[in-house]
Every structure is written in structure tokens, then in C-alpha cells.
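# Coordinate inspection notes
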Amino acid sequence: MKPFRQAVEANDHAAIEALLAEDVVFTSPVAFKPYPGKAITAAILRGVSRVLTDFRYVREITGEDGRDHALVFEARVGDRAITGCDFLHLNEQGLIDDFMVMVRPLSAAQALSEAMGAQFERIATEAAGAATTSAAGAEPGVSVATTPSSSAPATPA
């Protein structure tokens with residue numbers, strides 16, 4: 001998915017967010033429950049960009065119908081090398097409606113969990129602010145999810 005990859009590599013968060021569907025679901029490599037909604041997904045991705053360094057995509061695989069993509073990446077989290085894959089699915093409008101991340105090795109996943117846990121309060125605040133802004137312009141009767149449910153884990157990525 002060239003536009004997403006270019007936006008990530010340019011650290012262009014507005015462009016990344018523009019590629020997310022309102023009903024996108026983000027599945028973290030270290031959290032049990034997925035995070036539904038554009039606001040929380042965009043906030044998580046901003047948090048990830050703050051904790052991963054030397055991030056680069058090294059391979060891209062596209063499904064036959066062009067709606068499924070796997071982007072393999074390498075980065076560092078603290079002093080740990082991490083390898084992972086962003087699995088993206090595009091809806092009928094070409095926006096990302098499913099975003100799942102897997103990472104390895106376990107020691108790097110644990111370091112990522114710890115680093116993202118430290119970001120969680122900021123992520124939740126950013127998501128709530130974005131959802132409030134979106135809700136102000138939402139149609140009557142349309143609800144906007146602001147943060148994960150209270151049963152969601154405190155480490156989003």
C-alpha cells in the first residue's frame with residue numbers, strides 16, 4: 001500500500017490518519033482486545049512513532065484483490081531490534097479498515113509493550129481530543145468512540 005508506506009516513512013501523521021476508515025480496528029501485538037475507531041488508532045500510531053527508532057519497511061506483499069497488504073518492518077525499541085509486520089485491509093473506499101501488527105522477538109515485544117504503556121495516558125488524551133473534535137461535526141445520532149473500554153489493556157501496541 002504505497003500511500004500508507006510513504007506517509008509512515010515521511011512521518012506524516014495527517015496523511016496516515018487520512019488513510020484510516022472511521023470504523024478501523026487496530027489489533028496490537030501486545031494487547032488482548034482490539035481498539036476500534038479512527039481516533040484511537042491514529043493516536044496509537046503516533047505513539048508508536050515516538051517509541052520506535054530506525055523504522056523502515058523492508059518488504060511489501062499485496063493480495064490478489066489489492067485490498068490486503070502485509071508490510072514487513074524493522075526498527076529499534078530502546079536497545080532492542082524488532083521485526084514486525086503491519087497487516088492492512090482496505091474497505092470499498094480504499095481506506096484501512098483493519099490494521100493488525102505482529103512483532104518479534106519476545107524480548108522486543110516486551111520492550112514495546114513497556115514503552116507503549118508509558119505512552120498510554122498521552123494516547124488516550126489524544127484520542128479523546130480527536131474524537132471530541134470529530135463528534136462536534138458528526139451527524140446527529142452518530143456516536144464517536146473516544147477511548148478503549150475500561151476492560152481494554154493499558155498497553156495499546
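Residues numbered from 1 in each chain as written. Predicted model: local features only at pLDDT ≥ 70, side-chain atom pairs only at ≥ 80, totals over all residues. Heavy atoms only, no water.

## Looking at the pairing of strand β6 (residues 96–104)
- The sheet contact formed by strand β1 (residues 20–27) and β6 spans four bridges and is parallel. Residue pairing in the sheet places Leu20 in a bridge with Ile96 of β6. (Pairing = 2+ DSSP bridges. Helix = DSSP H or I, 4+ residues; strand = E, 2+ residues; numbered from the N terminus.)

## Thoughts on the packing of aromatic side chains
- Counted by the stated rule, this structure contains five aromatic pairs.
- Ring geometry for Phe55 versus Tyr57: centroids 5.0 Å apart, planes at 90°, classification edge-to-face.
- Aromatic side chains Tyr57 and Phe73 sit 6.5 Å apart centroid to centroid with 80° between the ring planes, which places their arrangement in the edge-to-face category. With Tyr57 in strand β3 (residues 52–62) and Phe73 in strand β4 (residues 68–77), this residue pair connects regions lying 16 residues apart in the sequence.
- One aromatic cluster is present, built from ring pairs that chain together Phe4, Phe26 and Phe99. (Phe/Tyr/Trp six-rings, centres within 6.5 Å; stacked < 30°, edge-to-face > 60°.)

## Considering empty space enclosed by the protein
- This structure, assessed with the given rule, holds one cavity of 30 Å³ or more.
- The computed volume of the largest cavity comes to approximately 40 Å³.
- What lines the largest cavity is simply His13, Ile16, Glu17, Leu20, Ala42, Leu45 and Arg46.
- Every element with two or more residues in the lining of the largest cavity is listed here: α2 (13–18) and α3 (38–51).
- In terms of residue class, the lining of the largest cavity is made up of four nonpolar, one polar and two charged. (1 Å grid on protein atoms, 1.4 Å probe; cavity = no way out; pocket = protein on both sides within 12 Å on 5 of 7 lines; lining within 4 Å. Points joined across faces, edges and corners; volume = space filled by probe spheres on them. Nonpolar A, V, L, I, M, F, W, Y, C, P; charged D, E, K, R; others polar.)

## Here we look at the side chain of Lys38
- Looking at the secondary structure, you find Lys38 in helix α3.
- Judged by its relative accessible area of 17%, Lys38 falls in the buried class.
- There is a polar contact of 3.4 Å between the side chain of Lys38 and the backbone oxygen of Glu17.
- Discounting chain neighbours no more than four positions away, the residues touching Lys38 are Glu17, Leu20, Ala21, Glu22 and Val24. (Buried < 20%, exposed > 50% of the residue type's maximum accessible area, 1.4 Å probe, protein only. Polar contact = N/O pair within 3.5 Å; in protein donor to acceptor, adjacent residues only side chain to side chain. Contact = heavy atoms within 4.5 Å.)

So, to be careful, I would describe these as geometric facts and stop short of saying anything about function.
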